[in-house]
Amino acid sequence: MKFSKTVFGLGLTASLTSPLLAQDADAPAEAQDTVVEAVAEAEAVAEDADDGVITAAEAAVAEDAAGGAIAAEETTAMEVEEVPPVCELHVFPTLEGQAQTTTLLSGFGVIGAVADAAGNEDENVSDAEYLRDALSPRFQVEAFQTIDLPAQLGMPEGTEVIFQTPIADRDITTEVRTRLTESTHECYAELIVTQNLYLKRAIYGRSLNNRFIFKDFRDGVEEARMRRGRGGNGLSHFPPETPEERDAADADLREAFLENFEEYSRRFRR
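It should be emphasised that the depicted structure is a prediction, and the values quoted were computed from it without experimental measurement. (Residues numbered from 1 in each chain as written. Predicted model: local features only at pLDDT ≥ 70, side-chain atom pairs only at ≥ 80, totals over all residues. Heavy atoms only, no water.)

Engineer: I'd like to hear about the packing of aromatic side chains, residue by residue, with values.
Structural biologist: Tallying each qualifying case throughout the model produces eleven aromatic pairs. When the centroid spacing of 5.5 Å and the interplanar angle of 50° are considered together, the rings of Tyr130 and Phe238 count as tilted. Of this pair, Tyr130 sits in helix 5 (residues 121-134) while Phe238 sits in the loop between strand 8 (225-234) and helix 9 (246-265); the two residues are 108 residues apart in sequence, bridging distant segments of the chain. Judged by relative accessible area, Tyr130 falls into the partly exposed class, the value being 24%. An angle of 65° between the planes, with centres 5.6 Å apart, marks the rings of Tyr264 and Phe268 as edge-to-face. According to the relative accessible area criterion, Tyr264 is buried, its value standing at 0%. (Phe/Tyr/Trp six-rings, centres within 6.5 Å; stacked < 30°, edge-to-face > 60°. Helix = DSSP H or I, 4+ residues; strand = E, 2+ residues; numbered from the N terminus. Buried < 20%, exposed > 50% of the residue type's maximum accessible area, 1.4 Å probe, protein only.)

Engineer: So what's going on with the nonpolar core? Which residues, and what values?
Structural biologist: In terms of nonpolar packing, the biggest core is built from 32 residues, with Leu89, Phe144, Leu153, Leu191, Leu253 and Phe257 touching the most fellow members. Listed by contribution, the elements that provide at least two residues to this core are strand 3 (88-92), helix 5, helix 6 (137-144), strand 6 (188-201), strand 7 (205-216) and helix 9. With seven residues, the single largest contributor to this core is helix 9. If we ignore the near neighbours within four places in the chain, the residues touching Leu191 are Leu89, His90, Val91, Phe92, Phe144, Leu149, Leu153, Phe212, Ile213, Phe261 and Tyr264. (Core = buried A, V, L, I, M, F, W, Y, C linked by side-chain atoms within 4.5 Å. Contact = heavy atoms within 4.5 Å.)

Engineer: Before we move on, can you summarise the state of the cysteines with the specific residues and values?
Structural biologist: Taken as a whole and judged by the stated rule, the model has one disulfide. There is a disulfide in this structure between Cys87 and Cys187, and the S-S distance comes to 1.7 Å. Because the torsion about its S-S bond is 75°, the bridge between Cys87 and Cys187 counts as right-handed. Pair noted here: Cys87 is in the loop between strand 2 (80-82) and strand 3 and Cys187 is in the loop between helix 8 (170-175) and strand 6, with a separation of 100 residues, a long-range link. There is no split in this pair, since Cys87 and Cys187 are both buried. (Disulfide = S-S within 2.5 Å.)

Engineer: Explain the pairing of strand 3 to me, and be specific about the residues and the numbers.
Structural biologist: Most of strand 3 sits inside the fold, with five of its five residues counted as buried. Here strand 3 shows no split at all, with Glu88, His90 and Phe92 on one side and Leu89 and Val91 on the other all buried. In this sheet, strand 5 (residues 160-163) lies alongside strand 3 in parallel orientation, the contact comprising four bridges. When the bridges of strand 5 are listed, His90 appears paired with Ile162. Of the pairings in the sheet, the one linking strand 3 to strand 6 comprises five bridges and is parallel in character. Residue pairing for strand 6: Val91 is matched across the bridge by Leu191. (Pairing = 2+ DSSP bridges.)

This is the structure:
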């Protein structure tokens, strides 16, 4: 986010009297101290000038220095004025976490697939619960914060990224074409994570699959242009078999999640 400071000049009278300090009443304590010291020094110089100790030119220089000190400190005390972002990108992580384990039985038609699902039901439930915890919305946000998300999606520099509360209703996240927030910014888009799926297959091993939707409202459209896609990459350490392996499993999961997003977002940079 970009900010600009509003700077106000502050003139000095010949005598540097107390009303100047009154104008600085809202400045920080340190700034006030600096101003007081600068004014006191300038007043002393002015007295010396009256007594003929220093020249009028030297007194003028001292007065200008005091004025510069006051102006600088007032600038520091000014409120920062927020500059509107070029665009807004609203990101919705998902609450989902699914798991599917298959063996060679799935290669024997419907009957084999049903038997496979029944035989791995407990493992699938356990893995799904673990995935929802490990790849929580907070985890997704932290992962996205490590990359230049707008650039990955082809949005301009200066785009503000705003993370939103997950929406549990898939009919809303996957089908609604209007904005999911109250923002009216002209340059506006949404990125929605719609699936976290852990797969364990007899032949292909373990992998993480993610689905994403980019809803583009730029150019003043009221109904978004929706670009759906997915990414899938292998896992080496997830899920962990012991508590000591948790850190390696989390790192493995984050890497796969970001690789999946990279796989999805390549289309925006062609």
